[in-house]
Amino acid sequence: MSGTDPDCVFCKIVAGDIPAEIVSETERTVAFRDLNGQAPTHVLVVPRLHAADIASLAVAAPDVAAALLVETRRIAVGDGHEAYRLVFNTGADAGQSVFHVHGHVLAGRDLTWPPG
């Protein structure tokens, strides 16, 4: 885990080098709308600190992982949703395509189970 990765698209969004529809910024996180939204509310919440996935972030910087979780709830409630789904894909086989930890906040429609 490092501060930033110059090849990471989410690090570039955090730095402001790539435009995104920013929903929220805190000292530790940035939240932005997913370009390929799967629900009326589909926001990605990322830490400013680069880490490949939520598991490695939780081990290396548990305070940042906790701040990320707090922000996901604030985003959902701020969009008017007490009920929401929070998804962290970890690894390519789980569907992770950008290897900078990000939580998907999904809400605003019925979310069935199992997902997929």
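The numbers attached to residues start from 1 for each chain and follow its sequence in the written order. The predicted nature of this model means local features are confined to residues of pLDDT at least 70 and side-chain atom pairs, given and counted, to a pLDDT of 80 or more, with totals for whole chains, interfaces and linings taken over all residues. The side-chain values count all of the structure's non-hydrogen atoms but skip hydrogen atoms and water molecules.

K.L.:
I'd like to hear about the overall build of the chain, residue by residue, with values.
P.N.:
A count of helices and strands for the chain gives three helices and five strands. Written out in order from the N terminus, the α and β elements of the chain read α-β-β-β-α-α-β-β. For a compact globule the rule gives 2.2 Å times the number of residues to the power 0.38, and the radius of gyration it is set against comes from C-alpha atoms. Over its C-alpha atoms the chain spans a radius of gyration of 13 Å, differing by no more than 12% from the 13 Å that the globule rule assigns to 116 residues. Overall size of the chain, expressed as C-alpha extent along the three principal axes, is 35 × 30 × 25 Å. For every residue, the accessible area (1.4 Å probe, protein chains only) is compared with the maximum for its type, and the residue is labelled buried under 20%, exposed over 50%, or partly exposed between those bounds. Per-residue burial for the chain yields a buried fraction of 36% across its 116 residues. Note on contacts: a residue pair is in contact if any heavy atoms of the two residues lie within 4.5 Å. Counted over contacts in the chain with a minimum sequence separation of 6, partners at least 24 positions apart contribute 52%. Starting at the N terminus, helices and strands are each numbered in turn, a helix being any DSSP run of H or I of at least four residues and a strand any DSSP run of E of at least two.

K.L.:
Requested: an account of the nonpolar core, with residues and values cited.
P.N.:
For this analysis, a nonpolar core means a set of buried residues of the types Ala, Val, Leu, Ile, Met, Phe, Trp, Tyr and Cys, connected via side-chain atoms within 4.5 Å. With 13 residues, the main nonpolar core has Ala-31, Val-43, Val-45, Leu-57, Ile-75 and Val-105 as its most contacted residues. For this core, the elements supplying multiple residues, two or more each, are β3 (41-47) and α3 (62-78). No other element matches the five residues that α3 contributes to this core. Those residues in contact with Ala-31 that sit more than four places away from it in its chain are Glu-21, Ile-22, Val-23, Ser-24, Val-43, Leu-44, Val-45 and Ile-75. Counting 10 residues, the second largest nonpolar core, distinct from the first, contains Phe-10, Phe-32, Val-46 and Val-98.

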